[in-house]
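Tertiary structure, described
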There are 4 protein chains.
Amino acid sequence: MSYSFRVALHDTDAAGVVFFGHLFRHLHDAFEHWMDQLGYPVDQLIRGGEILLPLTHAEADYRAPMRHGDRIVIELALSQLGDTYFALGYHCLRLDEDREYTNGGKLAATALTRHCCIDPECHQSRPLPDSLAQALRLHLPAQE
Amino acid sequence: MSYSFRVALHDTDAAGVVFFGHLFRHLHDAFEHWMDQLGYPVDQLIRGGEILLPLTHAEADYRAPMRHGDRIVIELALSQLGDTYFALGYHCLRLDEDREYTNGGKLAATALTRHCCIDPECHQSRPLPDSLAQALRLHLPAQE
Amino acid sequence: MSYSFRVALHDTDAAGVVFFGHLFRHLHDAFEHWMDQLGYPVDQLIRGGEILLPLTHAEADYRAPMRHGDRIVIELALSQLGDTYFALGYHCLRLDEDREYTNGGKLAATALTRHCCIDPECHQSRPLPDSLAQALRLHLPAQE
Amino acid sequence: MSYSFRVALHDTDAAGVVFFGHLFRHLHDAFEHWMDQLGYPVDQLIRGGEILLPLTHAEADYRAPMRHGDRIVIELALSQLGDTYFALGYHCLRLDEDREYTNGGKLAATALTRHCCIDPECHQSRPLPDSLAQALRLHLPAQE
């Protein structure tokens, strides 16, 4: 799944590039977009009150500066799936000057988020609902 | 000009609705999008170093809650144009459940931003460049 | 009541000054600090579930740039009190180079927020609870 | 070095806890505070134009929910020091109900940031300035 955004003024800081912490907003937007496509919009999960999928881990490696106005494509893929959790990998590609997404762009950042399924009442981990686990399984890399 | 976004988890707060201050990020995204279409991308203005267009005033009226997952359409229009400044008006419409933008949606917020043209060197106000003033003039409401 | 903060890197943008929208986070921090001192912590109001105090209006005038590392003092005062709402005025003072708060600093921004008391269940406005109204009344400017 | 903050309404999201990405703002505030104490305020480094210290890596593990109003203490320590980079480790402790920092609190999150020294002109890595390297060396854990 891919998701794109343009670096806004408020994403940058006085050093002239994206403030590292603001990238996580965009990664989560990509995650929400992915969950929508999977049929499990995060807003409905939260309102439904059956499960929450909070992050237990997040990390990013910053490889090339992202500047105001740059078009960034986030490629997202499921990287791990357990009974009570899953993890997603992200590639953030900075498109070339001509703003066309032909050659995949320059790798500006990679990232990883790990999400744990918990019961909203007791805040304890619980197994992913069967239907969600099944939907996720279809997205696991082939070799697994 | 209209610009839309979906309310992300990070736009909301523990009271369950959009945190009022986060709306200004989206208003500025709409402004940047509008300046792109006008032919004056804000990132190029900042890098060009000829002028800056900082906000001297911003205000918003919140009329109906915007919740996680809501689709919001921002309608933006130039409302004032002076020698050294301009002002923009915003209508934020929350689309109906069915997520179609047919009847214009529910008015969730209105807003106003005023931008002053300054010289980046001395931080004093200066007239808008002729070409930008001309481009803006085409967008003034007819009655003026 | 006064509240101070230092302009962080993430408060600024590529134009080198505080992004206008980020100021509202700090204004709300000052508001939360003020409500704490009043004996009505906002977190407890939200969790208590009796009332919410969402903003119905927010505005700011930006008068002088606030840069990374600047120490800002926010002076906050109640400016209006009605049966179902109240409004607060803010002065944001930028301290001088020597970082001492002796002469009151340079006025960098003024702002206003208006808060409406609503019932969290039906999202309709309701009168402020008596005890809160009484606590607020003590903070009204003398001439009123 | 320790740095504390209170979880603000805008730090939380509709799930009722701190949005994971917003924690990085606070971690960076702690980093800026630490650099101040070291005698190398980040704002002066950026304005000085000799070096920049962008993050090349950031990660966090979320262990316990942080809620609106919680008092969080961030303990920060230098964990690695190379010729051109350094890394910092963070412990985020959530204080008990009584808001006293007696028993160290509950470990709510751990985190790591890695900072690379670069030349602002060419955006290539360069050795840390001697004086900064020396100041950092004093903060390395004893066993190294």
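Structure's up top.
Keep in mind that this is a model prediction, so the values were computed, not measured.

By secondary structure assignment, the location of B:D70 is in the loop between strand 2 (55-62) and strand 3 (71-81). In this structure B:D70 is buried but unpaired, with B:R94 as the nearest side chain of opposite charge at 4.2 Å.

Let us now look at the relation of the copies chain D and chain A. Here two copies of a chain appear, and what relates them is a rotation about an axis with a shift along it. Take chain D, turn it by 180°, move it 0.0 Å along the axis, and it overlays chain A with an RMSD of 0.0 Å. Put plainly, the chains are arranged around a two-fold axis. Within chain D, the C-alpha atom positioned nearest to the axis of rotation is that of D:E59, 2.0 Å from it. Most of the interface of chain D is mirrored in chain A: 100% of its interface residues are interface residues there too.

The bond known as a disulfide is covalent and runs between the sulfur atoms of two cysteines. For the structure shown, the criterion picks out 0 disulfides over all chains. Not part of a disulfide, A:C92 finds its nearest cysteine sulfur in D:C116, a span of 19 Å. The thiol sulfur of D:C122 is not disulfide-bonded, and the nearest other cysteine sulfur, from D:C117, lies at 11 Å.

Take the pattern of salt bridges next. Counted according to the given criterion, the structure contains 16 salt bridges over all chains. A salt bridge links B:R6 to A:D43, with the nearest nitrogen and oxygen atoms 3.1 Å apart. With one member in each of two chains, B:R6 in strand 1 (residues 2-6) and A:D43 in helix 2 (residues 42-48) form a pair that bridges those chains. Residue classification places B:R6 among the partly exposed positions, given a relative accessible area of 23%. A salt bridge links C:R25 to C:D11; its shortest N-O distance comes to 3.0 Å. Residue C:R25 is found in helix 1 (residues 23-38), and its partner C:D11 is found in the loop between strand 1 (2-6) and helix 1; the two are separated by 14 residues along the sequence.

Take the sheet that holds strand 5 (residues 106-116) of chain B next. With respect to topology, 10 strands assemble into an open sheet ordered 1(B)-3(B)-4(B)-5(B)-2(B)-2(C)-5(C)-4(C)-3(C)-1(C), the strand pairing being antiparallel. At either margin of the open sheet sits one strand with a lone partner, and together these are strand 1 of chain B together with strand 1 of chain C. Sheet twist, expressed as the mean angle between neighbouring strand axes with direction ignored, is 20°. Two strands pair when backbone bridges link them, and strand 4 (residues 85-94) of chain C and strand 5 (residues 106-116) of chain C are joined in this way by 10 bridges, in the antiparallel orientation. Residue C:A87 lies in a different strand from strand 5 of chain C, and its bridge partner there is C:R114. Together, strand 1, strand 2, strand 3, strand 4 (85-94) and strand 5 of chain B form the strand contacts of helix 1 (residues 23-38) of chain B, whose direction differs from that of strand 4 of chain B by roughly 115°.

Attention now goes to the pairing of strand 3 (residues 71-81) of chain C. Residue and element names in this part refer to chain C. As paired elements, strand 1 and strand 3 share 5 bridges and run antiparallel to each other. Its bridge partner being in strand 3, S2 is matched across the sheet by E75. Bridge analysis of strand 3 against strand 4 gives 9 bridges, and the strand direction is antiparallel. The residue bridging I72 from the neighbouring strand is R94, located in strand 4. If you look at the hairpin formed by strand 3 and strand 4, you'll find 3 residues sitting between the two strands.

Let's shift gears to the packing of aromatic side chains. All told, the structure shown has 18 aromatic pairs over all chains when counted by the stated rule. On the numbers, 6.4 Å between centres and 40° between planes, the contact of A:F31 with A:F86 is tilted. Note that A:F31 is positioned in helix 1 (residues 23-38) and A:F86 in strand 4 (residues 85-94), a separation of 55 residues in sequence. Accessibility assignment for this pair places A:F31 and A:F86 in one class, buried. An angle of 5° between the planes, with centres 4.3 Å apart, marks the rings of B:F24 and C:F24 as stacked. Here B:F24 is found in helix 1, whereas its partner C:F24 is found in helix 1 on a different chain. For the pair B:F24 and C:F24, one class covers both residues: buried. Ring pairs connect the aromatic residues A:F19, A:F20, A:F24, A:Y62, D:F19, D:F20, D:F24 and D:Y62, which therefore count as one cluster. For the cation-ring pair, D:R114 lies above D:Y85, with the distance from its terminal atom to the ring centre recorded as 4.0 Å.

Cut-off values and rules
Residues numbered from 1 in each chain as written. Chains lettered and ligands numbered in written order. Predicted model: local features only at pLDDT ≥ 70, side-chain atom pairs only at ≥ 80, totals over all residues. Heavy atoms only, no water. Helix = DSSP H or I, 4+ residues; strand = E, 2+ residues; numbered from the N terminus. Buried < 20%, exposed > 50% of the residue type's maximum accessible area, 1.4 Å probe, protein only. Lys, Arg positive; Asp, Glu negative; His and termini not counted. Salt bridge = Lys/Arg side-chain N within 4 Å of Asp/Glu carboxyl O. Least-squares fit on C-alpha atoms with pLDDT ≥ 70 in both. Contact = heavy atoms within 4.5 Å. Disulfide = S-S within 2.5 Å. Pairing = 2+ DSSP bridges. Axes fitted to C-alpha atoms, helices over the stretch in contact; angles between N-to-C directions. Phe/Tyr/Trp six-rings, centres within 6.5 Å; stacked < 30°, edge-to-face > 60°. Lys NZ or Arg CZ within 6 Å of the ring centre and 35° of its normal.

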